[in-house]
Structure formats: structure tokens, C-alpha cells
Number of protein chains: 2
Amino acid sequence: MNKRLIDAAMGRIPADLVLKNGVIADVFTGRFIPCDVLVKDGYICGLGQYDCDNSIDVSGKFILPGLIDAHLHIESSMVTPPQYARTVVPHGVTTIIADPHEITNVCGEAGLEFMKKSAEGLPLDIKYMLPSCVPAAPFEHSGAVLTAEDTRRMADDYFGIGEMMNYPGIISGDSEVLGKLAEGKMLDGHAPGLAGQKLDAYINAGIKTDHECSEIFEMLEKIGKGMYIALREGTLSKDFRRLIYGVNSYTFRRCMLCTDDRSVAEILKDGTIDYIVKSAVQLGVEPIMAISMGSVCAAACYGLNDRGAVAPGYLADLLIIDTPHDFNIEAVFKRGVKVAENGKALFDVPACDASAVTNTVHLPRLTAEFFRHEPPEEFTAISLVPDSIITRKTTARRGDRLSKVCVIERHHGTGSKGFGYVTNYGIKNGAIASSVGHDSHNITVIGDNDADMAAAVNALGQSGGICVVSGGEVRSLLELEIAGLMTERGAEYVSATHEELMIAARALGVTESVDPFLSLAFLPLPVIPEIRVTDSGLFDVEAFSFI
Amino acid sequence: MNKRLIDAAMGRIPADLVLKNGVIADVFTGRFIPCDVLVKDGYICGLGQYDCDNSIDVSGKFILPGLIDAHLHIESSMVTPPQYARTVVPHGVTTIIADPHEITNVCGEAGLEFMKKSAEGLPLDIKYMLPSCVPAAPFEHSGAVLTAEDTRRMADDYFGIGEMMNYPGIISGDSEVLGKLAEGKMLDGHAPGLAGQKLDAYINAGIKTDHECSEIFEMLEKIGKGMYIALREGTLSKDFRRLIYGVNSYTFRRCMLCTDDRSVAEILKDGTIDYIVKSAVQLGVEPIMAISMGSVCAAACYGLNDRGAVAPGYLADLLIIDTPHDFNIEAVFKRGVKVAENGKALFDVPACDASAVTNTVHLPRLTAEFFRHEPPEEFTAISLVPDSIITRKTTARRGDRLSKVCVIERHHGTGSKGFGYVTNYGIKNGAIASSVGHDSHNITVIGDNDADMAAAVNALGQSGGICVVSGGEVRSLLELEIAGLMTERGAEYVSATHEELMIAARALGVTESVDPFLSLAFLPLPVIPEIRVTDSGLFDVEAFSFI
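Residues numbered from 1 in each chain as written. Chains lettered and ligands numbered in written order. Predicted model: local features only at pLDDT ≥ 70, side-chain atom pairs only at ≥ 80, totals over all residues. Heavy atoms only, no water.

Participant: Quick question: what am I supposed to make of the overall build of chain A here?
Facilitator: Within chain A, the regular secondary structure consists of 17 helices and 28 strands. Dimensions of chain A, computed from C-alpha atoms along their principal axes, come out at roughly 85 × 50 × 45 Å. When the 547 residues of chain A are sorted by exposure, 64% land in the buried category. Excluding contacts between residues fewer than 6 apart, the proportion of contacts in chain A whose partners are at least 24 apart in sequence is 68%. Surface accessibility of chain A: about 18,500 Å² in total, with carbon and sulfur atoms responsible for 49%. Once the 48 positive and 72 negative side-chain charges of chain A are each reduced to a mean point, those two points are 2 Å apart. (Helix = DSSP H or I, 4+ residues; strand = E, 2+ residues; numbered from the N terminus. Buried < 20%, exposed > 50% of the residue type's maximum accessible area, 1.4 Å probe, protein only. Contact = heavy atoms within 4.5 Å. Areas by Shrake-Rupley, 256 points an atom, 1.4 Å probe, with all protein chains shown as cover. Lys, Arg positive; Asp, Glu negative; His and termini not counted. Charge placed at Lys NZ, Arg CZ, Asp CG, Glu CD.)

Below, the structure written as C-alpha cells:
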């Protein structure tokens with residue numbers, strides 16, 4: 001209870017700001033209502049007819065609640081939390097639920113600390129979930145391990161428990177897995193395709209959300225059984241346009257919007273949650289419904305009762321837009337302070353101490369010798385599926401035109417490595433190396449000759465990043481000095497350099513239907529069908545065993 | 001997280017119960033879905049196709065979540081919490097939010113303790129709010145006072161803070177009043193007619209609910225500003241039928257149902273929340289919407305995330321009904337146990353120790369002398385408004401046919417009393433006395449002769465209750481031995497005796513358009529227009545001062 005808000009509403013003390021003559025989106029009654037919005041101490045304290053010395057005229061504009069991204073991994077943007085804030089706040093995002101799963105797999109608790117510290121003081125509320133799956137699977141070597149005991153010890157310092165990807169562990173009643181579901185905390189889910197009895201079992205564990213639906217019937221079953229569903233529009237996974245037709249006057253209250261993994265290039269170009277809200281409206285969803293999914297519905301799911309609506313007592317996290325259809329964001333207010341205008345952030349971000357999360361690539365200088373590996377006469381190879389991260393098993397023979405891939409343990413210098421062969425990557429006279437390799441983020445390198453593969457890995461140095469090498473020469477390099485996953489340099493650097501990388505990769509002949517870097521980044525993830533390669537070897541996901 | 005629910009869903013351990021072949025009301029997707037409901041340890045653990053040794057066939061029936069009464073005073077039923085449970089559970093009510101405001105005004109903390117103790121072990125979850133207005137107003141003498149300091153000390157033992165009726169105190173920023181709004185607790189409101197700037201100020205105090213709306217525009221403003229609105233169908237105040245037309249696909253999520261004050265006679269005859277849900281459907285509200293307002297919407301408002309829906313992990317509080325239109329409740333399950341069938345409770349209630357809350361009427365034996373009082377030649381009298389608790393000021397002259405009313409302080413034996421005259425009550429040759437007199441519950445007696453007034457008060461003894469006396473003889477007596485407000489005898493006794501009282505009152509000529517007992521019970525309440533009489537004298541509500 002804030003007496004100053006009462007006093008400001010009654011005019012006994014001056015308010016801080018009034019937005020005059022706008023039209024608010026009322027997510028509770030479903031109406032657009034012309035009125036003034038009075039702000040004090042970062043909160044909305046009045047709706048109606050109000051005046052204040054600090055008055056901004058927003059005649060003809062719409063006033064919306066700040067947007068909420070219900071689930072994402074900041075690391076996938078390749079920029080640090082402060083730089084991420086500078087990128088998304090101009091798009092109207094004022095609160096995010098972030099799972100720092102990637103950096104934790106590399107740096108453990110030091111990674112979590114960095115993410116929290118660097119988020120302090122930003123005009124973006126970052127609610128961190130404690131990652132539940134570090135490592136994601138026992139078939140690769142990650143930089144750190146969080147046990148059930150660790151999770152229980154640390155849970156109170158986090159907003160909740162991050163997406164529980166190990167649904168087989170939940171369903172089978174595995175005590176180490178169940179032990180991570182801290183009592184009384186918000187529990188995020190990850191249950192692609194789960195249905196019926198198994199879904200019931202998963203929900204019985206207390207898991208409240210899912211962002212992995214790809215079909216409407218799946219979404220409706222999960223909502224009906226009490227889950228909140230985050231409709232996703234990431235860079236890789238774009239489910240929102242299929243699921244939107246499952247949104248109606250009942251279900252929308254249990255729907256939220258999320259990006260999960262979205263590149264800064266895509267955010268700079270199209271936007272983020274603002275883009276999803278706009279697209280929903282353009283696809284025929286009632287504007288207040290679309291706005292609600294991007295704000296109050298996520299707030300309700302996560303118990304964030306102080307935000308998500310333009311109402312007295314709510315945080316003054318507000319967007320000024322032209323229309324819900326065109327969704328041009330003219331200004332963004334965070335706690336009553338204007339923090340972005342016409343797409344530009346109005347705040348600078350301080351440098352943060354990253355010493356505990358830099359120089360995370362622990363490898364000696366490699367030679368071509370390191371990559372000497374010959375397949376047998378006939379062997380199982382990896383076939384990339386166009387525009388997807390799914391792979392297929394295929395049979396190949398020595399002498400077929402294949403790209404060699406190697407995953408090298410990079411956290412503890414164990415020298416562990418695994419080889420595989422990819423049929424349709426298409427690289428010629430070069431190699432591409434990356435320290436982004438889900439979810440353990442070992443070094444993954446692909447090429448058609450051992451010398452360039454060595455040169456590419458060496459070029460990453462201790463920092464990490466992504467590089468394209470040809471003829472022993474670095475053609476392009478994106479430095480990702482934070483855990484080998486992110487950079488402090490900001491979205492423009494990442495976006496521009498990524499474009500250069502792409503040009504360099506295509507110049508080496510990488511197949512047009514394949515994303516040279518994302519396909520590489522997901523080659524080691526042993527929980528996505530059908531065949532993967534980790535630092536421990538080639539892995540058959542269906543059989544759940546090494547080949 | 002309950003591993004046993006996971007194991008039961010997966011069939012690794014036996015479940016406790018399956019309801020086979022019913023149709024569930026899915027409050028999340030707005031559909032009726034045919035499926036089995038599997039129960040373990042009092043929770044729903046599966047929805048779909050399930051089997052279990054203990055199987056109940058509910059073919060062709062609807063399965064609904066247990067109903068929630070969002071706001072009420074048990075004392076208004078005149079029965080104790082256990083007897084109240086026996087009355088409402090057969091009507092499908094499995095959770096109530098109760099404000100023990102009345103008994104606390106009589107007995108203070110002992111009253112609260114009695115309410116909590118007597119609610120233990122019932123198949124009705126009673127969530128008690130700590131009353132915020134004890135006394136309701138400083139213009140009468142109550143049995144107890146709860147200060148802001150008391151409230152802060154006790155708040156943690158309660159579900160929230162009960163309806164804050166003192167809205168002028170909130171709006172003016174009175175520190176004693178604001179001091180009662182414990183940080184972090186659910187705060188119930190009471191703000192009839194409040195709008196605009198004053199409503200904003202009231203909401204800024206953190207107050208989340210209101211059950212006093214009487215018009216749709218009022219309801220929409222409050223919902224739009226973030227409140228949850230309880231649509232009320234009490235015995236006195238029946239707002240639901242007007243407000244229901246403000247319910248739509250957006251607003252229903254912020255609407256709940258409540259009875260506030262409802263007599264057991266009315267509950268036995270028509271029902272309670274079940275009656276409101278049924279009536280809403282019959283008035284054209286979508287059945288799932290009506291059911292939602294009576295269940296999941298109230299649960300959401302009060303953060304009761306374990307109930308209000310038929311879904312895995314939710315409490316197995318379930319109703320079996322014929323159709324949402326006819327709403328005949330065939331069985332009620334509380335935590336998976338059948339507790340009512342075809343209108344009958346299947347449980348007995350233990351006697352509870354009421355010694356601290358009985359014998360609360362502290363008056364000597366009175367004689368006619370005590371009531372000797374003559375009005376001046378011309379004076380202000382009270383005119384009752386038919387079918388309402390509102391009163392009007394009127395001018396009367398000595399010799400007009402009036403009923404004399406006297407309110408006598410009964411808690412501390414101070415001898416404080418106040419007189420007034422009522423123009424259109426109509427009693428002849430008798431008197432009616434009551435220990436129910438809102439909100440301080442002093443003895444209120446009305447009659448046309450002093451001897452019968454004394455006899456009526458004396459007939460209440462130390463216990464309290466309501467009685468009708470004529471010619472010095474008790475014609476009918478309802479004993480209310482708990483705080484002079486409630487009885488352990490049960491709903492049938494109260495209902496039958498109340499009927500006798502009514503016949504006796506009408507026989508003495510009490511005007512047909514006046515409820516002899518309710519009009520008496522509200523004569524002392526100095527916050528309802530226009531004129532009242534308390535133990536401190538005649539009170540002008542508009543002028544907020546004694547006459």
C-alpha cells in the first residue's frame with residue numbers, strides 16, 4: 001500500500017506525470033477507453049481526467065501495458081542482458097522471464113551470477129528462472145552440473161525453476177529429476193507433443209507452462225488441463241502462426257507470447273513480442289486479446305500482479321503506439337520514465353564485470369593432425385532437414401562427398417572429441433567453427449579439410465565465437481567473449497557480423513536451404529531427433545545410445 | 001509436487017477413485033469434454049480414459065469444479081460454521097471466503113478463535129478474512145475493538161483482510177485506517193457507488209475486490225481499474241440480476257459470485273452459489289462462463305491456484321449435476337470423498353467448545369420503567385423504506401401512531417441506551433427484541449408498550465436471539481446462543497423458528513412490506529442512509545452526527 005499514490009490521486013501531493021488524452025487498452029473489460037493516465041513513483045495512480053505539471057499530450061494515440069516475453073534465453077540473442085535490454089525495450093518489452101540455461105551449462109553458478117548482476121538497474125525487469133537441466137542430457141560433457149540438491153539450495157534466489165525438459169524423468173518418477181521441482185516455486189515446462197496419461201503425469205508434478213506446442217489440438221489439451229501456453233515466434237521455432245487459430249475468448253487468458261530463441265538481427269528487423277502482437281491482430285485476433293496475451297495473461301500466469309494492465313496501482317510500464325494494427329511504438333515508459341522513443345533506447349548501459357565468464361574455451365592450439373579421422377567403408381551419416389533443426393539418419397560410403405564435423409570438449413580440457421559426417425552441408429575449401437553448440441556448448445567445427453578445421457578452432461581462441469575459415473585464413477569472425485555465447489558489443493555488431501559470416505559461408509558453398517550456423521549449433525543436442533554428434537561420439541536419439 | 005499423483009496417473013500405484021464417462025466443464029477452453037476423472041489423495045490426477053477399482057459411473061452427467069462463495073458472513077445465516085457447512089455443501093459449495101465481522105464485533109479475538117476452531121475438519125474450506133472494521137463506526141458501542149496494531153499482529157493468521165468499509169478513511173489517507181491494510185495480504189473492498197478519482201485512490205490502497213456494485217457502469221469502471229467484482233445474491237441485497245448483463249467474454253474472468261448475507265431459509269429453499277450459477281445460465285449467460293464465475297474466477301482472484309477447475313493437480317472438489325440449465329446436484333465430492341448426495345449432507349459435525357462465545361448478553365432484568373421515554377411535541381422519526389434497509393427521515397408529532405425503538409448496549413453492561421420512533425413498522429400490543437443489530441449487535445427492541453419491550457428483552461436472557469412478545473408472553477423465540485448471533489442447532493431449526501417468528505410478528509400487525517427482523521437488525525447501522533438509532537442515540541447519517 002502506497003499512501004503517496006492515494007494522495008497523488010486525490011491531488012494532495014503533485015503527481016510525476018500525466019499522459020493526456022490517450023486511449024487506453026483496458027485488458028479487463030476488453031474496451032479501448034479515452035482517458036488520462038496519472039503516474040506517481042513509477043506507478044499508475046489515476047485513470048480519468050487528471051492534470052499535472054509534467055504533462056505529455058498523446059491525443060489520438062493508444063496507451064498499452066508494457067509487453068512481457070513469457071520465456072526466452074537471452075544467450076540466443078548473442079548479446080549480454082544490458083545489450084538485450086537496449087534491443088528489446090524500444091520494442092515495448094518491459095518484463096521478461098529468462099532462463100539462463102546456456103551460460104549455466106558453460107559457467108555454472110558464475111554464469112548465473114553474471115546474468116543477475118548485469119541485469120541490475122536496467123529499465124527491463126528480468127525475472128530469472130533457475131535452469132533445471134544442466135546438463136540437458138548425460139550424453140555430452142558440459143561445463144557445469146546443477147544437481148537437485150544445488151537446485152533446492154539456490155531456488156529461493158530465483159523467480160522459479162526453468163523449463164523442465166527432462167519429461168521422461170518426470171513421468172518415470174525419477175527422484176533426482178523430481179527433486180529439482182522446488183515446492184512453491186513457479187515451474188516452467190517443456191513438453192513437445194506430450195499428451196494423455198503422460199501429460200497428466202507431467203502436470204501432476206506441478207509444471208504450469210509449456211512453450212513447445214506445435215499443433216492446436218495439443219495446445220487445447222494442455223490448456224484444458226490447466227497449463228498456460230506460450231505461443232512462440234523464435235528464429236528457429238515459429239509456432240505462433242499455427243497456434244493462433246486456437247485462441248478464442250476462453251483460451252486467450254491462458255495464452256502468452258514468447259520468443260524462446262530469437263536472434264538480434266530478427267529483433268532489429270521485425271521486432272519481438274510487439275511483432276507477435278501486431279501479427280496476431282493482422283491475422284484477425286481481437287486487438288485487446290492480442291495485447292492481453294502479450295501482457296496481462298503472462299503476468300497472471302507468473303503471479304506478477306503489479307503489471308500487465310493500465311490500471312491504478314499497476315507499474316507505469318507503458319507503450320504509446322499509433323494503432324494496434326500498425327503497432328508503431330512511439331514511446332516506451334518503464335516505471336513512469338521514458339526509456340525509448342521511435343525505436344531508439346534512451347538509456348546507456350554500464351559495463352559489467354565479466355571476468356568470471358570470459359576466457360571459457362580451454363583448448364590447446366590444434367593442428368590438422370587432431371582431426372585425422374576416417375569413416376569405415378559404409379557408415380551412418382547425418383542428413384540435415386531443410387529449414388529445421390531435425391536431422392535424419394542416412395547410410396553413406398567412404399568417398400561420398402560429405403562434410404566432416406567434430407565436437408570438442410572445451411570446458412575442462414579433457415581432450416574428449418566426437419566425429420560425424422554430414423551429407424548435405426556442402427562446404428568446400430574451408431571450415432566453420434563455433435563455441436555455440438546446444439546445450440553443452442562445446443566447440444563444434446565442420447569442414448572439408450583438417451587444416452581449415454584446425455585453423456577455425458584456433459581462431460576462436462580462448463574467447464569463443466563463430467568463424468569461417470578458408471585456406472587457413474579467417475574470412476569472418478564473430479567474437480562472443482562471454483562464455484563463448486554472448487558479446488558486450490551490442491546488437492548492431494552481432495547483426496552486422498552475422499551477416500558477414502553468412503556471406504562468407506555461402507561463398508564456401510554451404511547449401512542455401514541450410515542455416516550454416518544454427519544447423520551447426522544444434523548438431524550436438526542429443527534430445528532432438530534423429531541423430532546427433534557430441535564430444536562423446538555419434539548419438540542415435542531414437543535408440544538413446546551412441547552409435 | 002506430489003509423486004503419488006504422477007505414479008497414479010501412470011498406473012504404477014492404484015488411484016482412489018474414477019468418475020467414469022462424465023462430461024467435464026473445462027473452464028480454461030470453454031468446452032464440455034467427455035472424459036473420466038481419476039482421483040488420488042484428494043486431488044485430480046488424470047483426465048481421459050482411466051480405470052480404478054473404485055469406479056463410479058456418471059454417464060450422461062456433468063462434472064463441475066466445486067463452487068466458491070467469494071464473500072460472505074456466516075453469522076448472517078444464524079448457524080455456526082459446521083452447521084453452515086452442512087447447509088451449503090449439498091449445494092456444491094466447497095470453498096468460502098468468510099469475513100467473521102459480526103462475531104468479532106461482539107466477542108473480539110475469542111469470536112475469531114471460535115470461528116476458526118469450529119471450522120476445522122469440515123468438508124468445506126473456510127478461508128477467513130480478518131475483519132477490518134471492528135467497530136464499523138465510532139457512533140455505537142461494540143463488544144470489541146480491533147486497532148491497526150491488532151490487525152498487523154494478527155494478519156498472518158488469516159487469509160486476508162476483510163472488507164474495508166471505511167472508504168472515506170482510505171481516501172482521506174487516515175493512518176489508522178491505512179494501517180489495517182497489511183502488506184502482501186489479500187485486501188477485500190466495500191465501495192458502493194465509488195467512482196472516478198475517489199475510486200482510484202481506494203484502489204491505490206491495494207484493495208482488490210468489491211461486492212457492492214449495483215449498476216453495470218459502476219461494475220465496468222471497477223473491473224477496468226483492476227478490481228474483481230463479486231456479483232451478489234444475498235437475502236437483503238440482490239444485485240446479481242442487474243449486473244449479469246455486464247458479464248461478457250472479457251469481464252467474466254474478473255467476476256465472482258457471492259451471497260454476503262443469506263438466510264438459511266433461502267439457502268434451503270433456493271440454494272446459494274449453485275442458485276446464482278443456474279440463474280445466470282437461465283438468463284442467457286454461456287454455461288461455462290457462469291460456472292467459471294462460481295469457481296475458477298474466484299480462485300484466481302484469491303490466488304487459490306489448487307482449485308476451481310477440473311484438471312490434473314487440482315483438488316478433487318467436484319459436483320455431479322444433471323445439466324447446467326437445471327443444475328440438480330446429485331453428488332458433491334470434497335477432496336475426492338463424497339460428502340453430499342441429492343441435497344443431503346453425508347457428514348456429521350462435532351460439537352465445538354463455545355464457552356468463550358456464549359452468554360454474551362450482559363444486561364440486568366429490565367422493567368417497563370427502563371423504557372420510559374417521551375418524544376418532544378415535534379421530532380424527527382424514522383420511516384422504513386419498503387423492501388430495503390434504507391430509511392428516511394420524517395417529521396412526527398407526539399400522538400402519531402409510532403413504534404418505539406430502543407437500542408441497549410449489551411456487551412459491557414454500561415447502561416448506555418438510545419431511543420427512536422419508527423413511523424411505519426405497525427406493531428400493536430407487543431414488542432420484538434433481537435440481539436442481532438448491525439454491526440455492534442447491541443439489543444434492539446421495538447414495540448408499542450414499555451412492558452412488552454421489557455419482557456421481550458428479558459426473554460432473550462444471557463444467550464440472545466430474537467423473540468416476539470405480546471401481553472407479557474413470549475409468542476415465539478429463536479435462541480441464538482453463540483454471541484447472540486448464531487446457533488449450533490442447525491439450519492432446519494433456524495428456518496422453522498424464523499417462520500414461526502414471522503407469523504407471530506404479522507399477527508401483531510407488522511406491516512407486510514417490512515421484514516420485521518431484518519429492518520430491526522439494520523436500524524442501528526450508522527453507515528447506511530438516512531437515519532439510524534444506536535445505543536448512543538438517534539443518528540443522522542447524512543450529517544454524520546447525532547440528532
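Participant: Even after reading the chapter, I still don't get the interface of chain B and chain A, so can you show me in this structure?
Facilitator: Chain B puts 54 residues into the contact, and the matching count from chain A is 54 residues. Taking both sides of the interface into account, the surface hidden between chain B and chain A amounts to around 4,400 Å²; carbon and sulfur atoms contribute 57%. Viewed at the interface, chain A and chain B are joined by 20 residue pairs in polar contact (both at pLDDT 80 or more). Contributions of two or more residues to the side of chain B that touches chain A are made by helix H1 (3-9), strand S3 (43-48), helix H6 (167-171), helix H8 (196-204), helix H9 (216-224) and helix H13 (287-293) of chain B. Each residue belonging to the side of chain B that touches chain A can be placed in one class, and the counts come to 28 nonpolar, 15 polar and 11 charged. (Buried area = accessible area lost by both parts, 1.4 Å probe. Polar contact = N/O pair within 3.5 Å; in protein donor to acceptor, adjacent residues only side chain to side chain. Nonpolar A, V, L, I, M, F, W, Y, C, P; charged D, E, K, R; others polar.)

Participant: Explain the relation of the copies chain B and chain A here, please?
Facilitator: Two copies of one chain are present, and they are related through a rotation about an axis combined with an axial shift. Least-squares fitting of chain B to chain A yields an RMSD of 0.1 Å, with the transformation described by 0.0 Å of translation along the axis and a rotation of 180 degrees. What we have between these two chains is a two-fold relation. Taking C-alpha positions as the reference, the residue of chain B nearest the rotation axis is B:Ser249, at 2.9 Å. Both copies share a contact surface, since 100% of the interface residues of chain B are interface residues in chain A too. (Least-squares fit on C-alpha atoms with pLDDT ≥ 70 in both.)

Participant: Just to check I follow, could you spell out the sheet that holds strand S11 (residues 209-210) of chain A for this structure?
Facilitator: Remark on secondary structure: sheet strands pair via backbone hydrogen bonds, oriented parallel or antiparallel. All names here are of chain A. Spatially, three strands are ordered S11-S12-S13 in an open sheet, and the strand pairing comes out parallel. The open sheet terminates on both sides in strands that have one partner only, identified here as S11 and strand S13 (255-258). With two bridges joining them, S11 and strand S12 (residues 228-232) adopt parallel strand pairing. If you follow Asp-210 over to S12, its bridge partner there is Ile-229. Of the strands in this sheet, S11, S12 and S13 touch helix H9 (residues 216-224), which is tilted by about 150 degrees from S12. Contacts from helix H12 (residues 273-282) reach S12 and S13, with the element oriented near 130 degrees to S13. (Pairing = 2+ DSSP bridges. Axes fitted to C-alpha atoms, helices over the stretch in contact; angles between N-to-C directions.)

Participant: What am I meant to see in the pairing of strand S18 (residues 378-384) of chain A here?
Facilitator: Looking along a regular strand, one sees the side chains alternate between the two faces of the sheet. Counting buried residues along S18(A), five of its seven residues qualify, which places the element largely inside the surrounding structure. Here S18(A) folds back onto strand S19 (residues 391-397) of chain A, and the loop between the two strands holds six residues, one of which, A:Asp387, carries a positive phi near 55 degrees.

Participant: Please explain the sheet that holds strand S6 (residues 67-72) of chain A as it appears in this structure.
Facilitator: All names here are of chain A. The strand order S6-S7-S8-S9-S10 describes an open sheet built from five strands, whose pairing is parallel. Across the chains shown, the open sheet's two edge strands, defined by having one partner strand only, are S6 and strand S10 (186-189). Each neighbouring strand pair of the sheet contributes to a mean axis angle of 25 degrees, computed without reference to strand direction.

Participant: Looking at this model, I keep getting lost on the state of the cysteines. Mind explaining?
Facilitator: Residue and element names in this part refer to chain A. Following the criterion strictly, the structure yields zero disulfides over all chains and no others. Counting only cysteine sulfurs, Cys-352 is the nearest neighbor of Cys-107, a cysteine outside any disulfide, at a range of 13 Å. Cysteine Cys-258 shares no disulfide, and the gap to the nearest cysteine sulfur, in Cys-213, comes to 10 Å. (Disulfide = S-S within 2.5 Å.)

Participant: How should I be thinking about the packing of aromatic side chains in this particular structure?
Facilitator: We describe a pair of aromatic rings using the distance from one ring centre to the other and the angle between the two ring planes. Residue and element names in this part refer to chain A. Summed over all chains, the structure comprises 22 aromatic pairs over all chains. A cation over a ring is seen here: Arg-254 above Tyr-228, with NZ or CZ 4.0 Å from the ring centre. If you follow Arg-489 out to its NZ or CZ, it ends over the ring of Tyr-493, 4.9 Å from the centre. (Phe/Tyr/Trp six-rings, centres within 6.5 Å; stacked < 30°, edge-to-face > 60°. Lys NZ or Arg CZ within 6 Å of the ring centre and 35° of its normal.)

Participant: Honestly, empty space enclosed by the protein in this entry has me stumped. Any pointers?
Facilitator: Leftover empty space is mapped by rolling, across the atoms, a probe with the size of a water molecule. Residues and elements named next belong to chain A. Under the counting rule described, the total for this entry stands at four cavities of 30 Å³ or more. Of the volumes computed, that of the largest cavity is approximately 50 Å³. Forming the walls of the largest cavity are Pro-65, Gly-66, Ile-68, Thr-94, Thr-95, Arg-307, Gly-308, Ala-309, Leu-315 and Asp-317. Classifying every residue of the lining of the largest cavity gives four nonpolar, four polar and two charged. (1 Å grid on protein atoms, 1.4 Å probe; cavity = no way out; pocket = protein on both sides within 12 Å on 5 of 7 lines; lining within 4 Å. Points joined across faces, edges and corners; volume = space filled by probe spheres on them.)

Participant: What is the right way to look at the pairing of strand S13 (residues 255-258) of chain B in this model?
Facilitator: Residues and elements named next belong to chain B. Alternating residues of S13 divide into Cys-255 and Leu-257 and Met-256 and Cys-258, and every residue in both groups is buried. The sheet contact formed by strand S12 (residues 228-232) and S13 spans four bridges and is parallel. Bridge assignment links Ala-230 to a residue of S13, and that residue is Met-256.

Participant: Explain the nonpolar core to me, please; I cannot follow it from the model alone.
Facilitator: Buried together is how nonpolar side chains tend to be arranged in soluble globular proteins. Among the nonpolar cores identified, the biggest contains 325 residues, and A:Leu231 and B:Leu231 are the most heavily contacted of them. Once residues within four sequence positions are removed from consideration, B:Leu231 is found in contact with B:Met219, B:Phe240, B:Leu243, B:Ile244, B:Val247, B:Cys255, B:Met256, B:Leu257, B:Cys258, B:Ile276 and B:Met293. (Core = buried A, V, L, I, M, F, W, Y, C linked by side-chain atoms within 4.5 Å.)

Participant: What am I meant to see in the pattern of salt bridges here?
Facilitator: Side chains carrying opposite charge are able to pair once their charged atoms draw close together. Residue and element names in this part refer to chain A. A full pass over the atoms with the stated rule returns 72 salt bridges over all chains. Salt-bridge contacts for Lys-222 lead to Glu-218; the nearest nitrogen and oxygen are separated by 2.9 Å. Here Lys-222 and its partner Glu-218 are both found in helix H9, four residues apart, which amounts to about one turn of the helix. The exposure class assigned to Glu-218 is buried, which follows from its relative accessible area of 6%. As a salt-bridge pair, Arg-262 and Glu-266 come within 3.9 Å of each other at their nearest N and O atoms. In terms of burial, Arg-262 and Glu-266 fall into one category: buried. Residues participating in the shared-partner salt-bridge network are Asp-125, Asp-306, Arg-307, Asp-317, Lys-334 and Arg-335. (Salt bridge = Lys/Arg side-chain N within 4 Å of Asp/Glu carboxyl O.)

Participant: Mind showing me how you'd approach the confidence of the model for chain A here?
Facilitator: Regions with low pLDDT carry predicted coordinates that are not meant to be interpreted in detail. Of the residues in chain A, 100% have a pLDDT of 70 or more, and the chain-wide mean is 96. Interface confidence for the predicted complex, expressed as ipTM, amounts to 0.95; the pTM equals 0.96. (pLDDT = per-residue confidence, 0-100.)

Participant: Just to check I follow, could you spell out H12(A) for this structure?
Facilitator: Three- or four-residue spacings in an α-helix give side chains the same orientation, since the helix completes a turn every 3.6 residues. All names here are of chain A. Of all 10 residues making up H12, eight are buried, and the element is well covered by its neighbours. Listed as buried for H12 are Ile-273, Asp-274, Tyr-275, Ile-276, Val-277, Ser-279, Ala-280 and Val-281. One or two positions beyond H12, positive phi appears at Gly-284, with a value near 105 degrees.

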